[in-house]
Amino acid sequence: MTDFNTRIFVAGHKGLVGSAIVRQLESAGYRNIITRNRDELDLTNQQAVSNFFKTEEIEQVYLAAAKVGGIVANNTYPADFIYENLMIQCNIIHSAHLANVQQLLFLGSSCIYPKLAEQPMFEVALLTGTLEETNEPYAVAKIAGIKLCESFNRQYGRDYRSVMPTNLYGENDNFHPENSHVIPALLRRFHEAKLNGDNEVIAWGSGQPMREFLYVDDMADASIYVMNLSKSIYDENTEPMLSHINVGTGIDCTIRELVETVAKVVGFKGEIKFDETKPDGAPRKLMNVSRLKHLGWEYSTGLYDGLISTYTWYLDNYESTRKK
């Protein structure tokens, strides 16, 4: 039975996923959602996090806090990405355990899987091959987060779970021209091209690679769904050392199709060109979501509708996003 008075800590509540989880928890009727801004609680500070858990009587944790970024950011700041993410995860998971928090959900990333993993990627692909070089430090940190959860479950009987989302987009995304992921970057580029009256927009690569995208509100819904599964059902459908669950649509599209759809959503009428001198990345990255589907959850927002919602939010927040 759901207890709407449960004291829930959402770490990373201002980020893309964390903010969506807070919105959905509030909409569902949860009344004790605890959040902290970065200036109120430094998640990389072990003592500060420990003190927070000792005083706040947290009962449930959504660990959505992370240092994130695109290829450029990951290549430029690899030490920051591995150090900060390891510290955040270790501090929260360990402090939650010491404070006797029984339920925790860790949010990872599809980049945990090997660069050449068989497509679509099943959960069993974890640790079966070499990671993509550009985001290896970030991926290693996320793998460590999964293993932290599993280890506390095995040694102490905790109920710490992990979900691995595919590429996410939506409200509160990062639209920075250099550090953003592909969808917010394209939305901004096409919008500003439309405003400037540009005749063409150049997209990187050949447009042939295939990618999967999940609207962030669906990710939040899946996170809450997995958190609230009974322990017996979760344990029956996972393994002690292979406990994470993929979250996605199970459907992908070419980058060319994505670019053309974004242009349509924005209303850009000019020409689209692809710069094939730029890197394509992996030819395909698709999640196998059969485990989660078997557990009773499927996505509900298609790519076009999700892009419409995201672009509407971007327009409503255009001035603030331009400053980022």
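Here the structure is shown first, and the text comes after it.
Here the structure is a predicted model, which means the values were calculated and not measured.

Asker: Help me understand unusual backbone geometry in this model?
Answerer: Most of the time, phi is negative for any residue but glycine, and the peptide bond is trans. Along the chain, Gln119 connects to Pro120 via a cis peptide bond; the corresponding omega equals -10°. Phi angles above zero are rare outside glycine, and Leu127 is one such case at about 65°. By relative accessible area, Leu127 is classed as exposed at 57%.

Asker: Help me understand helix H4 (residues 78–98), please; the structure alone is not making it clear to me.
Answerer: Every α-helical turn comprises 3.6 residues, leaving residues that sit three or four positions apart pointing alike. Over its 21 residues, H4 extends 30 Å from the first C-alpha to the last, a length consistent with the 30 Å expected when each residue adds 1.5 Å. Every buried residue of H4 is listed here: Phe81, Asn85, Ile88, Gln89, Asn91, Ile92, Ile93, Ser95, Ala96 and His97. Immediately downstream of H4, the backbone of Asn100 shows phi near 65°, a positive value.

Asker: Can you walk me through the sheet that holds strand S11 (residues 253–254) in this structure?
Answerer: Pairing between the strands of a sheet is mediated by backbone hydrogen bonds and can be parallel or antiparallel. Pairing within the open sheet is mixed, and its three strands lie in the order S11-S8-S13. Edge strands, defined here as strands with exactly one partner in the open sheet, are S11 and strand S13 (284–285). Two strands pair when backbone bridges link them, and strand S8 (residues 210–211) and S11 are joined in this way by two bridges, in the antiparallel orientation. Directly across from Arg211, in S11, lies its bridge partner Cys253.

Asker: Just to check I follow, could you spell out the sheet that holds strand S5 (residues 159–165) for this structure?
Answerer: Spatially, six strands are ordered S2-S1-S3-S4-S5-S10 in an open sheet, and the strand pairing comes out parallel. The open sheet has two free edges, formed respectively by strand S2 (33–34) and strand S10 (245–247), since each of these has just one partner strand. Sheet analysis places strand S3 (residues 60–63) next to strand S4 (residues 103–107), joined by four bridges and oriented parallel. Paired with Leu63 across the bridge in S4 is Phe106. Its contacts with the sheet place helix H1 (residues 16–28) against strand S1 (8–11), S2, S3 and S4, and it is angled at close to 155° to S1.

Asker: I keep staring at the nonpolar core and nothing clicks. Help me out?
Answerer: If you look at soluble globular proteins, the nonpolar side chains tend to sit buried side by side. Ranked by size, the top nonpolar core spans 39 residues in total, and within it Phe9, Leu43, Phe53, Ile92 and Leu104 carry the most contacts. Counting only elements with at least two residues in this core, the list comes to S1, helix H2 (46–56), S3, H4, S4, helix H5 (136–156) and S5. The dominant element in this core, judged by the number of residues it contributes, is H5, at six residues. For Phe53, the residues in contact, after removing those within four places along its chain, are Phe9, Ile58, Val61, Ile92, Ser95, Ala96, Ala99 and Val101. Membership of the second largest hydrophobic core comes to 30 residues, among which are Val17, Ile21, Leu229 and Leu292.

Thresholds, definitions, all that
- Residues numbered from 1 in each chain as written.
- Predicted model: local features only at pLDDT ≥ 70, side-chain atom pairs only at ≥ 80, totals over all residues.
- Heavy atoms only, no water.
- Buried < 20%, exposed > 50% of the residue type's maximum accessible area, 1.4 Å probe, protein only.
- Helix = DSSP H or I, 4+ residues; strand = E, 2+ residues; numbered from the N terminus.
- Expected span 1.5 Å × (residues − 1).
- Pairing = 2+ DSSP bridges.
- Contact = heavy atoms within 4.5 Å.
- Axes fitted to C-alpha atoms, helices over the stretch in contact; angles between N-to-C directions.
- Core = buried A, V, L, I, M, F, W, Y, C linked by side-chain atoms within 4.5 Å.

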